[in-house]
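Fold and contact review
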Amino acid sequence: MKIWKLVSGILCILFSCVIVFQSCAAGIVNTIEANGEVSGTAGVLVAIMILTGGIVSIATRNKKTGGNAACVFIFATGAIIGYALSGNFGDLMVWATWALACCIMALIALIREDKN
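The structure reproduced in this document is the subject of the present report. (Residues numbered from 1 in each chain as written. Predicted model: local features only at pLDDT ≥ 70, side-chain atom pairs only at ≥ 80, totals over all residues. Heavy atoms only, no water.)

Considerations on the packing of helix α2 (residues 39-59) against helix α3 (residues 67-84)
The line we're drawing: The axes used here are C-alpha line fits, helices contributing only the stretch in contact, and every angle between their N-to-C directions lies in the interval 0 to 180 degrees. Only DSSP runs of H or I reaching four residues or more are called helices, and only runs of E reaching two or more are called strands; each is numbered from the N terminus. Here the word oblique covers every angle except those under 35 degrees (roughly parallel), over 145 (roughly antiparallel) and from 65 to 115 (roughly perpendicular). Handedness of a helix crossing follows the sense of rotation of the near helix relative to the far helix, less than a right angle counterclockwise being left-handed and clockwise being right-handed. It only takes one pair of heavy atoms within 4.5 Å for two residues to be counted as in contact. Note on residue classes: Ala, Val, Leu, Ile, Met, Phe, Trp, Tyr, Cys and Pro are nonpolar, Asp, Glu, Lys and Arg are charged, and everything else, Gly too, is polar.
Packing of α2 against α3 leaves a shortest axis separation of 9 Å and a crossing angle of 165°. Taken together, the axes of α2 and α3 lie roughly antiparallel to each other. Our pair here, α2 against α3, has a crossing hand that is left-handed. Of the residues in α3, those in contact with Ala42, Leu45, Val46, Met49, Ile50, Thr52, Gly53, Gly54, Val56 and Ser57 of α2 are Gly67, Ala70, Cys71, Ile74, Phe75, Thr77, Gly78, Ile81 and Gly82. Looking at the contact of α2 with α3, its residues break down into 11 nonpolar, 8 polar and no charged.

Following this line, the structure appears as structure tokens:
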């Protein structure tokens, strides 16, 4: 699980940059169309959650403290926000699915940690 936490943490940091760029574009489209959607803002929140989760994942990969529980909470929050507020920003569903996958892997790591 240490390798997964390191790799997913690095990918999360990289993906968060892409998500912020896409979210800004979606926010501009929402503003121009005046459609009342908040998918751009939701994308920025998901990017923050994925970035935070990635940093926590990397920082706690060798420790048996509450890092996995924190990752579960952070990634689950990002996934819920992404699924609930995707609107016309279709790629947000992809990023929410990535956050959900990271949440599930952190949950597996948490369960395996409790067994040991």
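Back to the write-up after that little detour.
What to know about a nonpolar patch on the surface
What counts is decided by this rule: Nonpolar side chains (Val, Leu, Ile, Met, Phe, Trp, Tyr) are joined into patches within 5 Å and like charges within 9 Å, using only residues with over 30% relative accessible area and no salt bridge. Only the protein chains shown count as cover for residues, with accessible areas throughout obtained via the Shrake-Rupley method and a probe of 1.4 Å. Within this document, salt bridges are pairs made up of a side-chain nitrogen of Lys or Arg and a carboxyl oxygen of Asp or Glu, the two lying within 4 Å of each other.
Nonpolar side chains collect at one region of the surface, where Met1, Tyr83, Met93, Leu100, Ile104 and Ile108 lie side by side and expose about 460 Å² of accessible area between them. Tallying contributions element by element places helix α4 (residues 91-115) first for the nonpolar patch, with 4 residues. Inspection of the secondary structure assignment puts isoleucine 108 in helix α4.

A look at the nonpolar core
For clarity, the threshold we go by: The set of buried Ala, Val, Leu, Ile, Met, Phe, Trp, Tyr and Cys residues whose side-chain atoms join them within 4.5 Å is what this entry labels a nonpolar core. Only protein chains enter the area calculation, which uses a 1.4 Å probe; residues under 20% of their type maximum are buried, those over 50% are exposed, and those in between are partly exposed.
In this structure, Cys12, Val46, Ile50 and Phe75 are the most contacted members of the largest nonpolar core, which totals 22 residues. Of all elements in the fold, only α1 (2-33), α2, α3 and α4 reach the threshold of two or more residues within this core. Discounting chain neighbours no more than four positions away, the residues touching valine 46 are Gly78, Ile81, Gly82, Leu92 and Trp95.

Some thoughts on α2
Just so we agree on the cut-off: Helix span, as expected, comes to 1.5 Å for every residue beyond the first.
For α2, spanning 21 residues, the distance from its first C-alpha to its last is 30 Å, which sits close to the expected 30 Å at 1.5 Å a residue. For α2, the set of buried residues is Ser39, Gly40, Ala42, Gly43, Val46, Ala47, Ile50, Gly53, Gly54, Val56 and Ser57.

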